Each structure stands twice: as C-alpha cells, then as structure tokens.
Amino acid sequence: MKTITSVVEQLIKHQPYTEDALMRKIINYSALAEDFKPRIEKELGKPVNVGSVVMALRRYYPQKRLDEKMMRDLGDIVVRSGITDFTFLNSNTILESQSQLLEQTKSIPKAYLTYSSTFHESNILVSNDLTELVERCFEKETCVMVKHDLSSLSIALPVNNSKTVGLYFYIFKLLAYEGIPIFEAISTSNYFTLFLEKEYVNQAFALVNEIKN
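As annotated in an unreviewed UniProt entry, the protein carries the name Aspartate kinase and comes from Leeuwenhoekiella polynyae.

What follows is the structure in structure tokens.
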C-alpha cells in the first residue's frame, strides 16, 4: 500500500541532486513539499497536506552510498590534447575498415587510437595527425559525426572500483554542477577517460584533482 512516506522516498531516489541537497541540509523542506505535492496526490489518488509531506521529508534519511576513501584512492590523472572523434554507422564492412586502420597505425610511434562500438554505431578517437588515415580507411563507411580538437582526462581507478556504487555519478555530478559538458566517456577495468572540448579541460582537471585531495 502506497503512503506519503513511500512516495516521497521514491521521488527522492529518482532525483539524486535532491537527495544530495537533503544530505547536506541545504534544501527548503516547505518549497520541496509544495513541488512534490501534485505528484504525490497523483500517485495516491487523493489530496494530501503539505505539512504531511514536510514531515515525510524530515524523516527521510539519505543513504550514504559512496565511500569517500574510494574517491581519495583515485590514481594518476593524465591529460591529452589534440584528439579527433569520429562516429560511423555500423555496416558489414566496418570491422574490415577497423582492421585496416589498426594495421596501418601499429608502426606509427605514439599513435593514439581508441575504438568503441554499440549496436548501431562505432566510435573512433584518434590524435589529430591520424584524421586523414581514418578518413581513407573508412571512406566506404557512413560518417555520422566528426569533432576535432578535443582533450581527454584519463583517471586511474581504485581497486574494486566495479563494486563501488556511485563512483561515476560523483564525478559526473561535480562536473555538472560546474557546467562542464562531457563530449564522450569511455572506461576499461582500471581506467576512466572523459573527452571534453579543450576550453573545459583545465577546469575539469582541477575539479577531479580536488576530489582526490
């Protein structure tokens, strides 16, 4: 059976920024109750009193899901500039094009190339000096998007990061608060890389470094 308290809990859990504000005790309970009231009434199918919603909010105890020590255990941060991002539609020949690119870059010293794929598209991130090579190798493919002059921020992740709840959210939340858009994000078992427009990379580096400290 749904109650005001249970509906309030569900609303908060689906609004992580709100939960964060409640945890830090920087939110106006009455204003939040007024905002929640129409949705609670819709869920319960009856009118509710703002005071009852305020009481439910005050009784709510935000769960601390992130171990702060885990954030301090983030490893080295490596910044790279001059990256071009290509996105191609997947096709029957996309793997052949990829193999051709890998074959031609393996003898290039310090060549930077990252490849990822979803069901519909394949994404290639390379250093700017490899853009012409990508265009030749993928000339038969359908290019959806090209973005030049990106910068990347690669972060070494702590041990057991895959079992840590909220690790990525904490980083994304901090960047969102500061108005920093993320153009692309790629992760492996032990590294997490953000691709940003170059005007944001210094600010993003300072923020992530601040987390560690």
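Back to the text.
Asks: Would you mind going over the environment of Asp73 in detail, with residue names and values included?
Replies: Mapped onto the fold, Asp73 is located in the loop between α5 (68-72) and β1 (77-89). We classify Asp73 as partly exposed; its relative accessible area is 37%. Distance from Asp73 to Ile211, taken between C-alpha atoms, is 9.7 Å for residues 138 residues apart in sequence.

Asks: With reference to specific residues and values, describe the packing of aromatic side chains.
Replies: Scanning all chains against the criterion turns up 4 aromatic pairs. Centre to centre, the rings of Phe172 and Phe192 are 5.8 Å apart; their planes meet at 85°, and the pair counts as edge-to-face. Taken together, the residues span a long stretch of sequence, with Phe172 in helix α8 (residues 167-177) and Phe192 in strand β6 (residues 191-197) at a distance of 20 residues. A residue is classified by how much of its surface remains accessible, and Phe172, at 31% relative accessible area, is partly exposed. According to the relative accessible area criterion, Phe192 is buried, its value standing at 3%. Among the aromatic residues, those joined into a ring-pair cluster are Phe86, Phe88 and Phe138.

Asks: Explain the domain arrangement of the protein to me, and be specific about the residues and the numbers.
Replies: Each assigned domain of the protein is listed with its residue range as follows: domain 1 (4-59) and domain 2 (64-212). Residue-level contacts link 6 residues of domain 1 with 6 residues of domain 2. Between domain 1 and domain 2, a total of about 530 Å² is buried, with carbon and sulfur atoms accounting for 54% of that surface. For the pair domain 1 and domain 2, the interface holds 0 salt bridges.

Asks: For the environment of Lys173, give the residues involved together with the corresponding values.
Replies: One can find Lys173 in helix α8. By relative accessible area, which is 9% here, Lys173 ends up buried. Along the sequence, Lys173 and Tyr17 sit 156 residues apart, while their C-alpha atoms lie 8.1 Å from each other. Not counting residues within four places of it along the chain, the set of residues in contact with Lys173 comprises Tyr17 and Asp20.

Asks: Just give me the short version of the pattern of salt bridges, but keep the residues and values in it.
Replies: Across all of its chains, the model carries 5 salt bridges by this definition. Of the charged contacts in the structure, one is a salt bridge between Asp35 and Arg39, with a shortest N-O distance of 2.6 Å. Taken together, the positions of Asp35 and Arg39, both in helix α3 (residues 29-44) and 4 residues apart, correspond to about one turn of that helix. Under the relative-accessibility criterion, Asp35 is labelled partly exposed at 41%. Between Lys147 and Glu197 there is a salt bridge, with the nearest N and O atoms lying 3.5 Å from each other. Here Glu197 lies in strand β6 and Lys147 lies in strand β4 (residues 143-156), a separation of 50 residues in the sequence. Assessed through its relative accessible area of 25%, Lys147 is described here as partly exposed.

Asks: Describe the packing of helix α1 (residues 4-13) against α3, with residues and values.
Replies: Helices that pack against each other are described as a pair by the angle of their axes relative to one another and the distance between those axes. Running from amino to carboxyl end, α1 crosses α3 at an angle of 120°, the nearest separation of the two axes being 10 Å. For the element pair α1 / α3, the angle class is oblique. Classified by chirality, the crossing of α3 by α1 is right-handed. Residues Ile4, Val7, Val8, Leu11 and Ile12 of α1 touch α3, and the partners they reach there are Phe36, Arg39, Ile40, Glu43 and Leu44. Considering only residue class, the contact of α1 with α3 consists of 8 nonpolar, no polar and 2 charged.

Scoring rules and cut-offs
- Residues numbered from 1 in each chain as written.
- Predicted model: local features only at pLDDT ≥ 70, side-chain atom pairs only at ≥ 80, totals over all residues.
- Heavy atoms only, no water.
- Helix = DSSP H or I, 4+ residues; strand = E, 2+ residues; numbered from the N terminus.
- Buried < 20%, exposed > 50% of the residue type's maximum accessible area, 1.4 Å probe, protein only.
- Phe/Tyr/Trp six-rings, centres within 6.5 Å; stacked < 30°, edge-to-face > 60°.
- Domains from an automatic or database assignment.
- Contact = heavy atoms within 4.5 Å.
- Buried area = accessible area lost by both parts, 1.4 Å probe.
- Salt bridge = Lys/Arg side-chain N within 4 Å of Asp/Glu carboxyl O.
- Axes fitted to C-alpha atoms, helices over the stretch in contact; angles between N-to-C directions.
- Parallel < 35°, antiparallel > 145°, perpendicular 65-115°, else oblique.
- Left-handed = near helix turned anticlockwise from the far one by under 90°.
- Nonpolar A, V, L, I, M, F, W, Y, C, P; charged D, E, K, R; others polar.

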